[in-house]
Amino acid sequence: MRLVSYGPAGQERLGALVDDGRYILDLNRADGRIPPTLLDFLRGDFWVRTRERLVDTQKTAPSALVERAGVRLGAPVPRPGLIVCVGLNYKDHADEQGDPYPPAPLLFGKAPGAACGPEDDIVYPDGVTRLDYEVELAVIVGRTAKKVPAAKAAEAIAGYCVLNDVSARCAQFGDKQWFRGKSFDTFAPFGPALVTADETGAPRSWRLRSWVNGEARQDSNTDRMIHDVGRIIEHVTRGLTLQPGDVVATGTPAGVGVFMKPPRLLQRGDVVEMEVEGLGRLKNRVV
């Protein structure tokens, strides 16, 4: 399934993309037993029976279908409890900085309020002088997870999406820690959908790409991760309990603006696009 949260900001409803993405099926309107929000959906045991009924529901509840064109998609989880990120997790990204490969996942966080939709504007904050982009594969947690071994990490994953780890490099490097520079409002566009793990399989070799104003910037593959998704989930859950709807961003490859020679950072008016193979694309304007 490709699950989305659609509608005005703060009022997003749970839907599933159907008919090759031309329509959104409002799952709650199709079946009142299904919660109206994706977060409540993840907290309940709705997975199997929703998948089994999805095709039949389209036929029996046409009033629950919404044309996708012109409808805003929010972040799949509009306000996640946690956004846990991994730094320096691609060999090519570590190499472009001249840094050694971290022996364990290097964790930091983004504020939940940074989350925004796959086509929402990225707001260039006052006082920021170096704004950057990072394409990432993100994992959305599907069940409470504590001390999960890497071999069983898939059991904790609801699905995958694309995330742009927008970064104010001036604050990130100036503060000597990363939280503020990564956490301004709108600094975590993600989506466009939560693509369930049963549809995608494990992310062994997925292409990641980014563009600024149509110009290719990043082009890599998840097989270049230093620590794979299972290892990341294992490391995070040793000390943290992940809850349904939490987001784990797994790092970015080479090609970010700050390490280009000369640096090529984002400006107001730029259009930033991010894509992970099989998961869809983000397209956000900097304003």
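These numbers come from a predicted model, not from an experiment. (Residues numbered from 1 in each chain as written. Predicted model: local features only at pLDDT ≥ 70, side-chain atom pairs only at ≥ 80, totals over all residues. Heavy atoms only, no water.)

Draft legend 1. Looking closely at the overall build of the protein. For the protein, the helix and strand inventory stands at eight helices and 18 strands. Taking the principal axes of the C-alpha coordinates as reference, the protein spans close to 55 × 45 × 30 Å. The burial tally for the protein puts 55% of its 287 residues in the buried class. Contacts in the protein between residues at least 24 apart in sequence constitute 73% of all its contacts with a sequence separation of at least 6. Between the mean site of the 37 positive side-chain charges and the mean site of the 37 negative ones, the protein shows a separation of 3 Å. (Helix = DSSP H or I, 4+ residues; strand = E, 2+ residues; numbered from the N terminus. Buried < 20%, exposed > 50% of the residue type's maximum accessible area, 1.4 Å probe, protein only. Contact = heavy atoms within 4.5 Å. Lys, Arg positive; Asp, Glu negative; His and termini not counted. Charge placed at Lys NZ, Arg CZ, Asp CG, Glu CD.)

Draft legend 2. Region of the structure containing the side chain of Thr 222. Tracing the chain through its elements places Thr 222 in the loop between strand E15 (215-221) and helix H8 (229-239). Reaching out from Thr 222, the side chain makes a polar contact with the backbone nitrogen of Ser 205 at a distance of 3.5 Å. (Polar contact = N/O pair within 3.5 Å; in protein donor to acceptor, adjacent residues only side chain to side chain.)

Draft legend 3. Structural context of the pairing of E15. Judged from the six bridges that link them, strand E14 (residues 207-212) and E15 form a sheet pairing that is antiparallel. When the bridges of E15 are listed, Ser 210 appears paired with Gln 218. Hairpin connection, E14 to E15: the antiparallel pair is bridged by two residues, and Asn 213 has positive phi, about 55 degrees. (Pairing = 2+ DSSP bridges.)

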